[in-house]
2 protein chains.
Amino acid sequence: MSLLVVGSVAFDDLETPSGRRDHILGGSASHFSLSASRFNPVQVVAVVGEDFGPEEFGVFAGRPIDLSGIRKMPGLSFHWKGQYGDDLNEAKTLETHLNVFAGFKPDLPPTFREAPYLFLGNIDPVLQLDVVRQMKTRPRWTALDTMNFWIDGARPALMEVLKEIDILLVNEAEARSLTGERNLVKAYERIRTFGPRILVVKRGEYGMLLFTPEGAFPAPAFPLADVQDPTGAGDTFAGGFLGYLAQAGTLDLPVLKRAALAGTVMASFAVQAFGTERLQSLQDADYQARVDAFTRMISLA
Amino acid sequence: MSLLVVGSVAFDDLETPSGRRDHILGGSASHFSLSASRFNPVQVVAVVGEDFGPEEFGVFAGRPIDLSGIRKMPGLSFHWKGQYGDDLNEAKTLETHLNVFAGFKPDLPPTFREAPYLFLGNIDPVLQLDVVRQMKTRPRWTALDTMNFWIDGARPALMEVLKEIDILLVNEAEARSLTGERNLVKAYERIRTFGPRILVVKRGEYGMLLFTPEGAFPAPAFPLADVQDPTGAGDTFAGGFLGYLAQAGTLDLPVLKRAALAGTVMASFAVQAFGTERLQSLQDADYQARVDAFTRMISLA
């Protein structure tokens, strides 16, 4: 019962107040699949360049992650260079080299086209729609991430693909520009008319707000003394959240709440080291201990 | 077992995207005492001008609020004129007339000097310290609110009064400038060395973060579709939080959590109308229904 993700696999150069890393594994599909695979098998569709070798592929090894949808193309992989100041909520993009990602045309392997769960990472909505159309059977649910670049620049295509979406994941600014509503409760009501019945509003260090037809669930972030690098936190959250949902098989509110908690805890680990470093070393016992601590923390008892 | 509050009582002119009100009741002690008195008897120390008449005093009538510490002085009451744009987190001050508040020298009535619970609203820390020294017996706990104006401009006096404080309530920017720590977990560790053992970081629409020696509690705000006016939300939160604590009589973590929830719910009502309008009309059943809804919302079960 695989969870299929279509997104970017990249190299990042990162600088934060805690230090810097050059040429480390990044991209939405990388963060997502390392996080989701803790809960459910993942199939990845992405494109990489010739600079993506055994070392990078090795990061995914030993996990239920099917990489047969990662296509290697002549040229270099997507490369992002970013910097954070004291306010870790704001990334400053220093360089973006799309490289092979500029020509990304997702082509799903036949075995991927029947995946029951689909996550469309933040790519051109025209490509997201194309992926939806390549599916042989309609997934049990489809989730989508996007950003203001597409909301502002490719709205018709985005509105078209949103009709096929069950779960939308965006940040506050995106929810607002997508709907024209500043108030998030109203933004959710509007988004329901676009297609998605479940909305996750990602709020960085403030946590997230989940909206469902059965009710809302505001989940705070896990308070941390040591935040090294927030890159990929949103994709790591999405991975934990959707991986948990895929494993559970239902979208009932109590399951969605537990899934939000799983995503929150995964993201809390991710930001404690650079890139995917902490997800790579994360053990089941670490994860379970923090889920327990978080559950106790938000419990009123 | 009264809760004594020292703060401002004022007239506000308010303009928000939902409308405007001129010359309505405002000030930290007004919002605080209307909120706290739902849980515990309150004693108010403040100063008003000759423009503060029976109509204004009448707002507090029929509640366990002792107004004998409100001194009437020649001149006009404190008057604030503020405006909010679409971002209700940011107030723009259009006019501030301190009027009689400029000469405010709290003078506690003898019966107030043995109050077991004390809240020092956001005033000059020199005056806050003076109030502490007027107390005949040390309160079971003392809570304090302040702002960047005093943190930047009256730090020595503020540090002096913080030594006497058990519970500090500030917003994120204030916690950061007070400690020089951007990370709130570290800011709390630093604040503990100043005196307070409990820290409440108010985050507006993101809720609040409670830090205690026993652990943290991040409480989201109650998601609302209709926010009319955020003026006084922080003081209303403080009133509900501290009123609940005074009533409970202990500072155990489970009680602090329930108190945070009480404050959050009171603040959620306050912002749904202008000034203190909604607190004035609030019924027990309204309050209890929202506490129940909020408890269900944040519960994982």
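Computed from a predicted structure; not experimentally measured.

**Student:** Hey, could you run me through the overall build of chain A in this one?
**Tutor:** In terms of helices and strands, chain A carries 11 helices and 13 strands. Over its C-alpha trace chain A gives a radius of gyration of 18 Å, about what one expects of a compact globule, namely 19 Å for 301 residues. The principal-axis extents of the C-alpha atoms in chain A amount to approximately 55 × 40 × 35 Å. For chain A, the residues scored as buried account for 59% of the 301 residues in total.

**Student:** So what exactly am I meant to see when it comes to the UniProt feature "domain: Carbohydrate kinase PfkB" (unreviewed entry) in chain A here?
**Tutor:** UniProt records the feature "domain: Carbohydrate kinase PfkB" (unreviewed entry) for residues 149–277 of chain A in the present numbering. Secondary structure over residues 149–277 of chain A splits into 52% helix and 16% strand, and the C-alpha atoms at its two ends are 28 Å apart.

**Student:** Just to check I follow, could you spell out the packing of aromatic side chains for this structure?
**Tutor:** For any pair of aromatic rings, geometry is given as the distance between the ring centres together with the angle between the planes. Using the criterion set out here, one finds 25 aromatic pairs over all chains in the structure. Ring geometry for F39(A) versus Y244(A): centroids 6.1 Å apart, planes at 65°, classification edge-to-face. Taken together, the positions of F39(A) in the loop between α1 (28–36) and β4 (42–48) and Y244(A) in helix α8 (residues 233–248) put the pair 205 residues apart, joining distant regions of the chain. Given a relative accessible area of 11%, F39(A) falls into the buried group. Residue class for Y244(A) comes out partly exposed when judged on its relative accessible area of 22%. Centroid distance F11(B) to F52(B): 5.8 Å. Interplanar angle 50°. Geometry classified as tilted. Of this pair, F11(B) sits in strand β2 (residues 10–16) while F52(B) sits in the loop between β4 (42–48) and α2 (54–58), and the two are 41 residues apart along the sequence. The class for F52(B) is buried, based on a relative accessible area of 0%.

**Student:** Help me out: how do you make sense of the environment of G85(B) in this one?
**Tutor:** Structurally, G85(B) can be placed in the loop between β6 (78–84) and β7 (91–97). Considered as a pair, G85(B) and L169(B) are 84 residues apart in the sequence and their alpha carbons are 25 Å apart.

**Student:** I would appreciate a short explanation of the relation of the copies chain B and chain A in the present structure.
**Tutor:** Copy one and copy two of the chain differ by a rotation about an axis and a translation along that axis. Once chain B is rotated about the relating axis by 180° and shifted along it by 0.0 Å, it coincides with chain A to within an RMSD of 0.0 Å. Such a combination of rotation and displacement between the chain copies is what one expects of a two-fold axis. An overlap of 100% is found between the interface residues of chain B and their copies at the interface of chain A, pointing to a shared contact surface.

**Student:** For this particular structure, what's the right way to read the sheet that holds strand β10 (residues 167–171) of chain A?
**Tutor:** Strands in a sheet are paired, the pairing made by backbone hydrogen bonds, and the direction either parallel or antiparallel. Residue and element names in this part refer to chain A. On the basis of which strands lie adjacent, the open sheet formed by 9 strands has the order β5-β4-β1-β8-β9-β10-β11-β12-β13 and mixed pairing. Only two strands of the sheet have a single neighbouring strand rather than two, namely β5 (65–72) and β13 (215–219). Neighbour to neighbour, the strand axes of the sheet diverge by 15° on average, direction disregarded. Alignment of strand β8 (residues 117–120) against strand β9 (residues 141–145), held across 4 bridges, turns out to be parallel. If you follow L120 over to β9, its bridge partner there is L144.

**Student:** What am I meant to see in the side chain of Q43(B) here?
**Tutor:** Residues and elements named next belong to chain B. Looking at the secondary structure, you find Q43 in strand β4. Judged by relative accessible area, Q43 falls into the buried class, the value being 8%. Ignoring anything within four residues of it in the chain, the contact list for Q43 reads S2, L3, L4, V5, D66, T111, F112 and A115.

**Student:** I tried to follow the sheet that holds strand β1 (residues 3–6) of chain B on my own but got confused; where do I start?
**Tutor:** Residue and element names in this part refer to chain B. Across the sheet, which stays open at both edges, the 9 strands sit in the order β5-β4-β1-β8-β9-β10-β11-β12-β13 with mixed pairing between neighbours. Unpaired on one side and paired on the other, β5 (65–72) and β13 (215–219) mark the two borders of the sheet. Strand after strand, the sheet turns through a mean of 15° between neighbouring axes, direction not considered. Bridge count for strand β9 (residues 141–145) against strand β10 (residues 167–171) is 3 bridges, and the pairing is parallel. Considered in β10, the bridge of A143 is made with I167.

**Student:** How should I be thinking about the side chain of E56(A) in this particular structure?
**Tutor:** Residues and elements named next belong to chain A. Structurally, E56 can be placed in helix α2 (residues 54–58). Put simply, E56 is tucked away with no salt bridge, and the nearest opposite charge, on K72, sits 7.2 Å away. If near-sequence neighbours (up to four positions away) are discounted, E56 is found in contact with F11 and D51.

**Student:** What is the right way to look at the environment of F104(B) in this model?
**Tutor:** All names here are of chain B. In this structure, F104 sits in the loop between β7 and β8 (117–120). Assessed through its relative accessible area of 7%, F104 is described here as buried. The spacing of F104 and L127 is 23 residues in sequence and 8.5 Å in space, taken between C-alpha atoms. For F104, the residues in contact, after removing those within four places along its chain, are V6, G7, V45, A46, V47, I123 and L127.

**Student:** For this particular structure, what's the right way to read the interface of chain B and chain A?
**Tutor:** When the parts come together, some accessible area is lost, and that loss is often what is quoted as the size of the interface. Tallying the contact residues gives 34 residues for chain B and 35 residues for chain A. When chain B packs against chain A, close to 2700 Å² is buried across both sides, 58% of that on carbon and sulfur atoms. For chain B, the biggest contributors to the area lost against chain A are R182(B), Y206(B) and L300(B); these three give 26% of the whole. With a shortest N-O distance of 3.8 Å, R203(B) and E205(A) are connected by a salt bridge.

What counts and how
- Residues numbered from 1 in each chain as written.
- Chains lettered and ligands numbered in written order.
- Predicted model: local features only at pLDDT ≥ 70, side-chain atom pairs only at ≥ 80, totals over all residues.
- Heavy atoms only, no water.
- Helix = DSSP H or I, 4+ residues; strand = E, 2+ residues; numbered from the N terminus.
- Rg over C-alpha atoms; globule rule 2.2 N^0.38 Å.
- Buried < 20%, exposed > 50% of the residue type's maximum accessible area, 1.4 Å probe, protein only.
- UniProt positions renumbered as here; feature names shortened; annotations may be inferred.
- Phe/Tyr/Trp six-rings, centres within 6.5 Å; stacked < 30°, edge-to-face > 60°.
- Least-squares fit on C-alpha atoms with pLDDT ≥ 70 in both.
- Contact = heavy atoms within 4.5 Å.
- Pairing = 2+ DSSP bridges.
- Axes fitted to C-alpha atoms, helices over the stretch in contact; angles between N-to-C directions.
- Lys, Arg positive; Asp, Glu negative; His and termini not counted.
- Salt bridge = Lys/Arg side-chain N within 4 Å of Asp/Glu carboxyl O.
- Buried area = accessible area lost by both parts, 1.4 Å probe.

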